[in-house]
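Here's the letter readout for the chains.
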Amino acid sequence: VQKNQKFASYLRISTFIVGIVLLCGPFSVFAAEDSEDIKDDIDKIEEKLKKEQKEYNAIAQDLSQVNSSLNATQAAIARVSSLLNQASQTIEQKEKEITTLEGQQDLNRKVLKNLIQELYYTNSTPLVEVVLAEADMNQILQTSDNLFSTQEKVQNLIGDINEVKEKVAEEKASLEDTKED
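Since the structure is predicted, the reported quantities are computational estimates derived from the model, not experimental observations.

Quick word on the overall build of the protein
And then number 1: Counting its regular elements, the protein contains four helices and zero strands.
And then number 2: The order of α-helices and β-strands along the protein, N terminus first, is α-α-α-α.
And then number 3: When each of the 181 residues of the protein is scored for burial, the buried share is 12%.
And then number 4: Of all intrachain contacts in the protein linking residues separated by at least 6 positions in sequence, the fraction that spans at least 24 positions is 89%.
And then number 5: Put simply, the protein shows about 15200 Å² of open surface, and 57% of that area lies on carbon and sulfur atoms.

Section: a negative patch on the surface
And then number 1: Together, Glu 36, Asp 37, Asp 40, Asp 41, Asp 43, Glu 46 and Glu 47 give the surface a local cluster of negative charge.
And then number 2: Tracing the backbone shows Asp 41 in helix 2 (residues 31–124).
And then number 3: Residue Asp 41 is classed as partly exposed on the basis of its relative accessible area, which comes to 42%.

A few points about the side chain of Lys 94
And then number 1: Relative to the assigned elements, Lys 94 resides in helix 2.
And then number 2: Accessibility expressed as a relative area gives 16% for Lys 94, which makes it buried.
And then number 3: One polar contact links Lys 94 to Ser 174, side chain to side chain, over a distance of 3.1 Å.
And then number 4: Apart from the residues within four sequence positions on either side, Lys 94 is in contact with Glu 171, Ser 174, Leu 175 and Thr 178.

Points about the pattern of salt bridges
And then number 1: All told, the structure shown has two salt bridges when counted by the stated rule.
And then number 2: Residue Lys 94 pairs with Glu 171 through a salt bridge whose shortest N-O separation is 3.7 Å. Highlighted residues: Lys 94 in helix 2 and Glu 171 in helix 4 (residues 137–180), separated in sequence by 77 residues.
And then number 3: Residue Lys 172 is joined to Glu 102 by a salt bridge in which the shortest nitrogen-to-oxygen separation is 3.2 Å. Taken together, the residues Lys 172 in helix 4 and Glu 102 in helix 2 connect sequence positions 70 residues apart.
And then number 4: Exposure remark for Lys 172: the relative accessible area of 39% places this residue in the partly exposed category.

Observations concerning the environment of Lys 167
And then number 1: Examined against the element boundaries, Lys 167 turns out to sit in helix 4.
And then number 2: Assessed through its relative accessible area of 45%, Lys 167 is described here as partly exposed.
And then number 3: The spatial distance from the C-alpha of Lys 167 to the C-alpha of Glu 102 is 9.7 Å, given a sequence separation of 65 residues.

What to know about the environment of Glu 95
And then number 1: With respect to the helices, strands and loops of the structure, Glu 95 is situated in helix 2.
And then number 2: When its relative accessible area of 35% is taken as the criterion, Glu 95 is described as partly exposed.
And then number 3: Considering only alpha carbons, one finds Glu 95 and Glu 171, 76 residues apart in sequence, at a separation of 8.3 Å.

Scoring rules and cut-offs
- Residues numbered from 1 in each chain as written.
- Predicted model: local features only at pLDDT ≥ 70, side-chain atom pairs only at ≥ 80, totals over all residues.
- Heavy atoms only, no water.
- Helix = DSSP H or I, 4+ residues; strand = E, 2+ residues; numbered from the N terminus.
- Buried < 20%, exposed > 50% of the residue type's maximum accessible area, 1.4 Å probe, protein only.
- Contact = heavy atoms within 4.5 Å.
- Areas by Shrake-Rupley, 256 points an atom, 1.4 Å probe, with all protein chains shown as cover.
- Patch = residues over 30% accessible without salt bridge, like charges linked within 9 Å, V, L, I, M, F, W, Y side chains within 5 Å.
- Salt bridge = Lys/Arg side-chain N within 4 Å of Asp/Glu carboxyl O.
- Lys, Arg positive; Asp, Glu negative; His and termini not counted.
- Charge placed at Lys NZ, Arg CZ, Asp CG, Glu CD.
- Polar contact = N/O pair within 3.5 Å; in protein donor to acceptor, adjacent residues only side chain to side chain.

Here it is in structure tokens:
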């Protein structure tokens, strides 16, 4: 039994040594070739690493340029947006001004209409009737002054209406230019 145990122990140790030789043996035999292969593999890996690093640098540079372009584009969009907001506000302001001027023009026309009616009624009364109707000479002169005053008012109102009309035309043209821009 002891012989069998010694033999079994010897067999296990032999098997272990044979296994180590088989595992290590080829490496030691081909160590010279393997070290050259390993050096070649290292060189290839280093070359591949350098190539990959160059590609990475190129991509990083492209990304930087794209980001720069993106930032410039975003800044341009912000400027255009600001200009559009300003133009919109200007358009609204000009439209309000035009509405106000047109309202002023309508009011001036109504006043002019009333003044023209007053002149018509005043002029339709004969001078003899005015003299006979007024006992006092001061009243006659005052009526005459009122007539001249009304005529001046009509002329001034006609001038104002023409000025407002021109201003409305200018504002409308300016508004159209602003809308086109």
